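Okay, here's what each chain looks like letter by letter:
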Amino acid sequence: MKNIMHLVVVALLIAMFCNESRSQSHEDRSAIHAIVSKLERGWNSGSGVEFAAPFAENSDYVVINGMHLKGRRENAAGHQRIFDTIYKDSRLTIKIENIRMLRSDIAIGHLKAVLRLAQAADRDEEGRITLVLAKTEGKWTIAAFQNTAVQPIPPRTR
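Structure report, in brief. Everything quoted here is computed from the prediction, not taken from an experiment. (Residues numbered from 1 in each chain as written. Predicted model: local features only at pLDDT ≥ 70, side-chain atom pairs only at ≥ 80, totals over all residues. Heavy atoms only, no water.)

### Overview of the overall build of the protein chain
Scanning the protein chain for helices and strands turns up three helices and six strands. Traced from its N-terminal end to its C-terminal end, the protein chain shows the element sequence α-α-β-β-α-β-β-β-β. Put simply, the protein chain has 158 residues, and 30% of those count as buried. Intrachain contacts of the protein chain at a sequence separation of at least 6 include 45% that bridge at least 24 residues. A total of about 10,600 Å² of accessible surface is found on the protein chain, and carbon and sulfur atoms cover 57% of it. (Helix = DSSP H or I, 4+ residues; strand = E, 2+ residues; numbered from the N terminus. Buried < 20%, exposed > 50% of the residue type's maximum accessible area, 1.4 Å probe, protein only. Contact = heavy atoms within 4.5 Å. Areas by Shrake-Rupley, 256 points an atom, 1.4 Å probe, with all protein chains shown as cover.)

See below:
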């Protein structure tokens, strides 16, 4: 009888832990989805400050051309320059392809981005984004961001 009671207690503890983990994971994934939405809104509003807001203060951002922006302030300033010039009135759409929790406080995300330029509304540019996100003091931020242009694969010639 004692053994059965021990098994029941252990089973209840395991069930409680699994439910808490699932709930935490759902909460974390929702927070990460909200971060991606903030990126999209920041871009589409043309605000470098709003775009950079989800980034950690000491974040790393590797731009599509390979330039490396260090920190939220440099990120915001760099984006404001392009929002005011070459990407003025552009529209960005971001789709999360997957989020993988590496630990309870570290996640990696792969995103697909489609950019429509105001001056070339008939042509979209595609990018693939890799995010590393970190949870500090209960808040998720982007620690690192890598943006890569998706190049069309040329047709084979024989």
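### Things to note about unusual backbone geometry
With a phi close to 60°, aspartate 89 is a non-glycine residue in the positive phi region. Among the structural elements, aspartate 89 can be located in the loop between helix 3 (72-84) and strand 3 (91-103). Phi is positive for glutamate 137, close to 50°, though the residue is something other than glycine.

### Describing the environment of glycine 71
Note on placement: glycine 71 falls in the loop between strand 2 (68-70) and helix 3. For glycine 71 and glutamate 57, which are 14 residues apart along the polypeptide, the C-alpha to C-alpha distance reads 5.4 Å. Excluding its chain neighbours within four sequence positions, the residues that come into contact with glycine 71 are Glu57, Asn58 and Ser59.

### Re helix 3
Here helix 3 is 13 residues long and its end C-alpha atoms lie 18 Å apart, about the 18 Å a rise of 1.5 Å per residue gives. If you check which residues of helix 3 are buried, you get Asn75, Ala76, Gly78, His79 and Phe83. (Expected span 1.5 Å × (residues − 1).)

### Here we look at the sheet that holds strand 2
Strands sit in the order 2-1-6-5-4-3 across an open sheet of six strands; the sheet is mixed. The open sheet is flanked by strand 2 and strand 3, the only strands paired with a single partner. Between one strand axis and the next, the sheet turns by 15° as a mean value, whatever way the strands run. Bridge analysis of strand 5 (residues 124-136) against strand 6 (residues 139-149) gives ten bridges, and the strand direction is antiparallel. By the bridge assignment for strand 6, leucine 133 is matched with isoleucine 142. Sheet contacts for helix 3: strand 1 (55-62) and strand 2; angle to strand 1, the most-contacted strand, approximately 55°. (Pairing = 2+ DSSP bridges. Axes fitted to C-alpha atoms, helices over the stretch in contact; angles between N-to-C directions.)

### Regarding the environment of glutamine 80
Relative to the elements of secondary structure, glutamine 80 occurs in helix 3. Relative accessible area serves as the criterion here: at 25%, glutamine 80 is assigned to the partly exposed category. Counting along the chain gives 31 residues from glutamine 80 to valine 49, while the straight-line C-alpha distance between them is 7.6 Å. When sequence neighbours within four positions are dropped, the list of residues in contact with glutamine 80 reads Gly46, Ser47, Gly48 and Val49.

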